[in-house]
Amino acid sequence: MDFRDLKKKLAEFSVRAPGSEQTRKLQEHLKQCFTGYEHETVDFKSPQHRGWSWGSLLLLEVAGLFLLQRNPLLSVVLVVIPALLLLWEENGYVNWSRLFSFTRCQNLVLKKIPKREDEDKDKDESGGKEDYSVPHVVFVVNVDSRVEGLWDRFDPEGVGRTAWLNLSLMLSSFTSVLSYYFPIKFWLYVGFVLAVVLLLELVDFVYQGLFHRFYPGALDNGSGMLVLKQISDLLDNVPHWMLFVDGGNVSGAGIDAFKRRYKLPRNVLFITLERPGAGTVAVARRHGLWSAVGMPKQVVAFLTNEAGINNFTDFSYRRSLGAFLNFRGCASLSVVGQLRGKEESQLMLTDTVECISDKNIQEAGALVLRLVNMIEQPEDNESGSGNKANSN
């Protein structure tokens, strides 16, 4: 089955909530589609959406702001702790979300480790210590769809909304602390305004929790699967895994489960595919406009010199697989499709298999192969570049 046949088949598995039957059917189909791979599954639990986990923290924030005058100490506790969890999203919120992890999810891991003719000889020379089952690269793609928020039609990537939320959380923390030490009415007025702003955010997450409207997920995970299918025949001699993450759009729970199950070396390269089917295909230099996950200039220069990659972009979506991997100490690069503002505002309407561009799939596949060739090239004694599966 080539990638065009898979593209037609993906339409049958559209709108996949984490842990849903549609997600399981898609994973079974992927096992048949990628022949010659060993497959394993990783079971875990995850929230099905972000509504109740985020909403509960915002509710504590609002309650704390309304207690500024009656109980200043309790106000500080209720405001500052949830704010820290929300602002430190990649770890703080992930731990909080486990309280709402009731949905059984499953990652699919496909493995291809080429057979080496000199494997037995090498094992004897190294005393059997070298593990030939360790991949050089792990490709990562979502299989679940994310839930639509109330304001997603106006701000689908949440860039502006996240900025206002983060600013409100920081101001709320300062206001509660200052009100505790300097109990004047001015802080009550400021706290009331911030409470209204956070209530509007709370409405958005309550909407997610009540209505469960999931995006089709075609541009994100669908196009990522098509890229892997297109290049899979060219990776026969490369030790690699494919990780299809369930629950990746909610809290990064799928990434956590994979990390706990497989203790891979830190030099294994993770390549994530995020919406490569539309927009401008490039390597993500940054995840989110204000994200701390930024690619150092030295890495950009290295990719330009060693892999000939000149197209980089600031990926607007902060809560991406690449961001979660980077925050967990993984060496991760993301091949993304950066949509224009108008395309993002119509994401729910355009997020279908029919909107996936074959040209984008080819461009993304070429970028991925450049990254793979960069780490698989022979060791150069003069420059020291190249990868022998254990270089960093």
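Before reading on, note that the structure itself is shown above.
These numbers come from a predicted model, not from an experiment.

Along the protein, the regular secondary structure elements total 15 helices and eight strands. In the protein, 84% of the contacts between residues at least 6 apart in sequence involve partners at least 24 apart.

This model, assessed by the stated rule, comprises five salt bridges. With a shortest N-O distance of 3.4 Å, Arg98 and Asp256 are connected by a salt bridge. In this pair, Arg98 sits in the loop between helix H5 (89-97) and strand S2 (103-112) while Asp256 sits in helix H10 (residues 253-261), placing the two residues 158 residues apart along the sequence. Among the residues examined, Asp256 registers a relative accessible area of 10% and is labelled buried. Measuring nitrogen to oxygen at the nearest pair gives 3.1 Å for the salt bridge that ties Lys112 to Asp236.

Quick look at the packing of helix H3 (residues 51-66) against helix H4 (residues 72-87) now. Look at H3 against H4: their axes get within 7 Å of each other, and the N-to-C directions meet at 150°. The angle between H3 and H4 places the two elements in the roughly antiparallel class. Taken as a pair, H3 and H4 cross one another with a handedness that is left-handed. Packed against H3, whose contacting residues are Trp54, Leu57, Leu58, Leu60, Glu61, Ala63, Gly64 and Leu65, the element H4 presents Ser75, Leu78, Val79, Pro82, Ala83, Leu85 and Leu86 at the interface. Among the residues forming the contact of H3 with H4, the class breakdown is twelve nonpolar, two polar and one charged.

Another aspect to go through is the environment of Gly337. Among the structural elements, Gly337 can be located in strand S8 (residues 331-338). The class of Gly337 is buried, set by a relative accessible area of 0%. Taking the C-alpha atoms as reference points, Gly337 and Val283, separated by 54 residues in sequence, lie 8.7 Å from one another. Setting aside residues up to four positions removed in sequence, Gly337 forms contacts with Glu274, Arg275, Pro276, Ala278, Thr280, Val281 and Phe315.

Before going further, it helps to examine the side chain of Ser101. Relative to the helices and strands, Ser101 is located in the loop between H5 and S2. On the accessibility criterion, Ser101 (13% relative accessible area) is buried. Dropping the residues within four chain positions of it, Ser101 is found in contact with Lys45, Ser46 and Pro47.

Here we come to the packing of aromatic side chains. Taken as a whole and judged by the stated rule, the model has ten aromatic pairs. Centre to centre, the rings of Phe34 and Phe244 are 6.0 Å apart; their planes meet at 45°, and the pair counts as tilted. Residue Phe34 is found in the loop between helix H2 (21-33) and strand S1 (38-46), and its partner Phe244 is found in strand S4 (residues 240-245); the two are separated by 210 residues along the sequence. For the pair formed by Phe34 and Phe244, the shared burial category is buried. With centroids separated by 6.2 Å and ring planes inclined at 50°, the aromatic side chains of Trp96 and Phe100 adopt a geometry described as tilted. Note on Phe100: relative accessible area 23%, which makes it partly exposed. Put simply, the rings of Trp241, Phe258, Tyr262 and Phe270 pair up and form one aromatic cluster. When the ring centre of Trp241 is taken as origin, the NZ or CZ atom of Lys111, which lies over that ring, is 4.4 Å away. Over the ring of Phe34 we find Lys229; its NZ or CZ atom is 5.5 Å from the centre of that ring.

Moving on, we come to the pairing of S8. Counting buried residues in S8 gives seven out of eight residues, a clear majority hidden from the surface. As defined by bridge partners, strand S5 (residues 269-274) adjoins S8 across six bridges and the pair is classed as parallel. The residue of S8 that forms the bridge with Glu274 is Val336.

Rules of the game
- Residues numbered from 1 in each chain as written.
- Predicted model: local features only at pLDDT ≥ 70, side-chain atom pairs only at ≥ 80, totals over all residues.
- Heavy atoms only, no water.
- Helix = DSSP H or I, 4+ residues; strand = E, 2+ residues; numbered from the N terminus.
- Contact = heavy atoms within 4.5 Å.
- Salt bridge = Lys/Arg side-chain N within 4 Å of Asp/Glu carboxyl O.
- Buried < 20%, exposed > 50% of the residue type's maximum accessible area, 1.4 Å probe, protein only.
- Axes fitted to C-alpha atoms, helices over the stretch in contact; angles between N-to-C directions.
- Parallel < 35°, antiparallel > 145°, perpendicular 65-115°, else oblique.
- Left-handed = near helix turned anticlockwise from the far one by under 90°.
- Nonpolar A, V, L, I, M, F, W, Y, C, P; charged D, E, K, R; others polar.
- Phe/Tyr/Trp six-rings, centres within 6.5 Å; stacked < 30°, edge-to-face > 60°.
- Lys NZ or Arg CZ within 6 Å of the ring centre and 35° of its normal.
- Pairing = 2+ DSSP bridges.

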